[in-house]
Amino acid sequence: MKILITGGNHSKALKLMKAFPTHFVLLADYGDVPGMVTENYAFSSLGPLNKDSIAHILLNFCISEGIDSIIPLHQFEVEPIAKSAVLFGEYGIQVLLPDASLIAGYIANEQTTFQNFAVFVKGECIFASGKEIFVSTDEKLNGVFGYNVADDELKLFTI
């Protein structure tokens, strides 16, 4: 499986790589990105930033790179990609974000630092950096969520 994580120049993107040890991870960002390719991951540029056509840019990139799943980390990408999830799905690309109708409840009002993060795919927690066990959820959660051990609130893991 080939996974695209946007915000590839940010340390949060690098932390996420440990959640996918058996997959190829493509770390991409806008503008200049270091050119590096290894057996398990690579860095790539998404070109110049154009916030008006984020979904179009990312869909074209995913198709041309053969991406199976996308994790958008930039906060400005979250809503456009969530609203375009059906279109991505028509091309066989899984969007790891909550449903567009629920997304507002998962966006932090201010930049919050989380101790840990968890990755959910169709309601199942496939990775938790703090080693907590998340049992089934009421909603079919998709995405990467930050959390603090003392607080059971999940918010999108964005930059």
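**Regarding the side chain of Ser44**
Part 1 of the reasoning: Relative to the elements of secondary structure, Ser44 occurs in strand E3 (residues 41-45).
Part 2 of the reasoning: Judged by relative accessible area, Ser44 falls into the buried class, the value being 17%.
Part 3 of the reasoning: Discounting chain neighbours no more than four positions away, the residues touching Ser44 are Leu26, Leu27, Ala28, Asp29, Val33 and Phe61.

**Some words on helix H2 (residues 54-65)**
Part 1 of the reasoning: In a regular helix each residue adds 1.5 Å, so 12 residues correspond to 16 Å; H2 covers 16 Å between its end C-alpha atoms and thus fits that length.
Part 2 of the reasoning: Those residues of H2 lying buried are Ile54, Ala55, Ile57, Leu58, Leu59, Phe61 and Cys62.
Part 3 of the reasoning: In this structure, the buried residues of H2 make contact with strand E1 (2-6), strand E2 (24-29), E3, strand E4 (69-71), helix H3 (75-83) and helix H4 (85-90).
Part 4 of the reasoning: With its phi angle positive at about 65°, Gly66 sits one or two positions after the end of H2.

**Observations concerning the sheet that holds strand E6 (residues 116-121)**
Part 1 of the reasoning: Judged by pairing direction, the sheet is antiparallel, and its 4 strands sit side by side in the order E7-E6-E8-E9 without closing on themselves. This sheet does not close on itself; its edge strands, each paired only once, are strand E7 (124-128) and strand E9 (151-156). Within the sheet, the average angular offset between the axes of one strand and its neighbour, ignoring direction, is 35°.
Part 2 of the reasoning: The sheet contact formed by E6 and E7 spans 4 bridges and is antiparallel. Looking at the pairing, Ala118 lines up with Ala128 of E7.

**Focus on the packing of H2 against H3**
Packed helices, taken two at a time, are described by the angle their axes make and the gap between the axes.
Part 1 of the reasoning: In the contact formed by H2 and H3, the axes pass within 9 Å of each other and the chain directions differ by 80°. The angle between H2 and H3 falls in the class roughly perpendicular. For the pair H2 and H3, the contacting residues are Ile54, Ala55 and Leu58 in the first and Phe76, Glu77, Pro80 and Ile81 in the second.
Part 2 of the reasoning: Split by residue class, the contact of H2 with H3 holds 6 nonpolar, no polar and 1 charged.

What counts as what
- Residues numbered from 1 in each chain as written.
- Predicted model: local features only at pLDDT ≥ 70, side-chain atom pairs only at ≥ 80, totals over all residues.
- Heavy atoms only, no water.
- Helix = DSSP H or I, 4+ residues; strand = E, 2+ residues; numbered from the N terminus.
- Buried < 20%, exposed > 50% of the residue type's maximum accessible area, 1.4 Å probe, protein only.
- Contact = heavy atoms within 4.5 Å.
- Expected span 1.5 Å × (residues − 1).
- Pairing = 2+ DSSP bridges.
- Axes fitted to C-alpha atoms, helices over the stretch in contact; angles between N-to-C directions.
- Parallel < 35°, antiparallel > 145°, perpendicular 65-115°, else oblique.
- Nonpolar A, V, L, I, M, F, W, Y, C, P; charged D, E, K, R; others polar.

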